[in-house]
Amino acid sequence: MEKKGPAGQKGQRLQLYLARTGVASRRGAEVFIACGRVSVNGRVIDEPGIKVFEGDEVFLDGKKLTLENRLHYLALNKPAGFICSSSDPQGRPLAGDLLDEGIKERLYSVGRLDLLSCGLIFYTNDGEFAARLAHPASEIEKEYIVEASAAIPQDVPDAFSRGITVEGVRYKARRAELTGLKTMRLVLVEGKNREIRRVFSYFHLHPLLLRRVRIGDVELGNLREGASRPLTEKELAALGGVKNGHRD
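So, a few notes on the structure that sits alongside this text. Quantities reported herein were computed from a predicted structural model and do not represent experimental measurements.

**Things to note about unusual backbone geometry**
Leaving glycine aside, a negative phi is the common case for residues, and trans is the common case for peptide bonds.
Step number 1: The backbone of Asn41 sits at a positive phi, close to 55 degrees, despite the residue not being glycine.
Step number 2: Structurally, the position occupied by Asn41 is in the loop between β2 (38-40) and β3 (43-45).
Step number 3: Its relative accessible area of 44% is what places Asn41 among the partly exposed residues.
Step number 4: Phi at Glu139 takes a positive value of approximately 50 degrees, unusual for a residue other than glycine.
Step number 5: Structurally, Glu139 is set in the loop between α3 (127-134) and β10 (142-148).

Okay, structure coming up:
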């Protein structure tokens, strides 16, 4: 039975509350809940959907959570060799450690770039914003520059544009074009896990460079590798973020 709150309070679903505390995206919050890591008022909750209300005490791994009112939206030029996880048992460098140390709130990546890929990625503590951008229904374009180890045949961009099935998974680029003998430009919308690398591997090609240069209206531009910057109000509005960086 769903918990009833004080009269006049609508409450909010637990996974949304967790996302608004900045610990994870809404999807990540659902994983925390399923693993039994979240408790409300001393009771472990292992199913999403219950509502929490003002005055409720919510804990993750025994640490009390509070809503964050200061929201951050950063664009990072991730170098190759850094991972987008919040921690790594292998001790590999974390992309999040490149962000401004003056930011006290915990930030996490919106989507991922794999270890060997580089370029534009967002970091935020706004779980709703992250969830919207990550959802396929948002249809936000992501543009990449790829340099291969050998000449790229014309049938590669043609097949990618039409749609190709690799090991039972369908991949389709919104646009794909050769820009040189060994280079091409790709625009994806859904962006499935390791999509570009798997399509290249299917054609016996290996990407020497895979750089994301645009997400929606936000371009990598001349942001130096390893550096980050706040998204502008215009960029944020186009992506559906919170204009003034504060939550009402």
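So much for the structure itself; the text now carries on.
**Regarding the packing of helix α1 (residues 14-21) against helix α2 (residues 26-34)**
Each pair of packed helices can be described by the angle between their axes along with the distance between the axes.
Step number 1: It is the contact of α1 with α2, at a shortest axis distance of 8 Å, that shows an interaxial angle of 115 degrees. For the crossing formed where α1 meets α2, the hand is right-handed. Contact residues: Leu14, Gln15, Leu16, Leu18 and Ala19 in α1; Arg26, Ala29, Glu30 and Ile33 in α2.
Step number 2: Taken together, the residues that form the contact of α1 with α2 break down as six nonpolar, one polar and two charged.

**What about the packing of aromatic side chains?**
Working definition: an aromatic ring pair is given by the centre-to-centre distance plus the angle between the planes.
Step number 1: Applying the stated criterion to the full structure yields two aromatic pairs.
Step number 2: With 4.8 Å between their ring centres and 85 degrees between their planes, Tyr73 and Phe129 make a pair best called edge-to-face. Placement of the pair is Tyr73 in strand β7 (residues 73-78) and Phe129 in helix α3, with a sequence separation of 56 residues.
Step number 3: For Phe129, a relative accessible area of 1% gives the class buried.

**Let's talk about the sheet that holds β2**
Step number 1: Read from one edge of the open sheet, four strands run β3-β2-β5-β6, paired in antiparallel fashion. Unpaired on one side and paired on the other, β3 and β6 (63-64) mark the two borders of the sheet.
Step number 2: Both strand β5 (residues 58-60) and β6 contribute to a ladder of two bridges, which runs antiparallel. Directly across from Leu60, in β6, lies its bridge partner Lys63.

**So, the environment of Thr232**
Step number 1: In this structure, Thr232 sits in the loop between β17 (228-230) and α6 (233-239).
Step number 2: Classification of Thr232 as partly exposed rests on a relative accessible area of 38%.
Step number 3: Distance from Thr232 to Leu74, taken between C-alpha atoms, is 9.3 Å for residues 158 residues apart in sequence.

Reading the values: rules and limits
- Residues numbered from 1 in each chain as written.
- Predicted model: local features only at pLDDT ≥ 70, side-chain atom pairs only at ≥ 80, totals over all residues.
- Heavy atoms only, no water.
- Helix = DSSP H or I, 4+ residues; strand = E, 2+ residues; numbered from the N terminus.
- Buried < 20%, exposed > 50% of the residue type's maximum accessible area, 1.4 Å probe, protein only.
- Axes fitted to C-alpha atoms, helices over the stretch in contact; angles between N-to-C directions.
- Left-handed = near helix turned anticlockwise from the far one by under 90°.
- Contact = heavy atoms within 4.5 Å.
- Nonpolar A, V, L, I, M, F, W, Y, C, P; charged D, E, K, R; others polar.
- Phe/Tyr/Trp six-rings, centres within 6.5 Å; stacked < 30°, edge-to-face > 60°.
- Pairing = 2+ DSSP bridges.

Any functional reading would require information that these geometric values do not contain.
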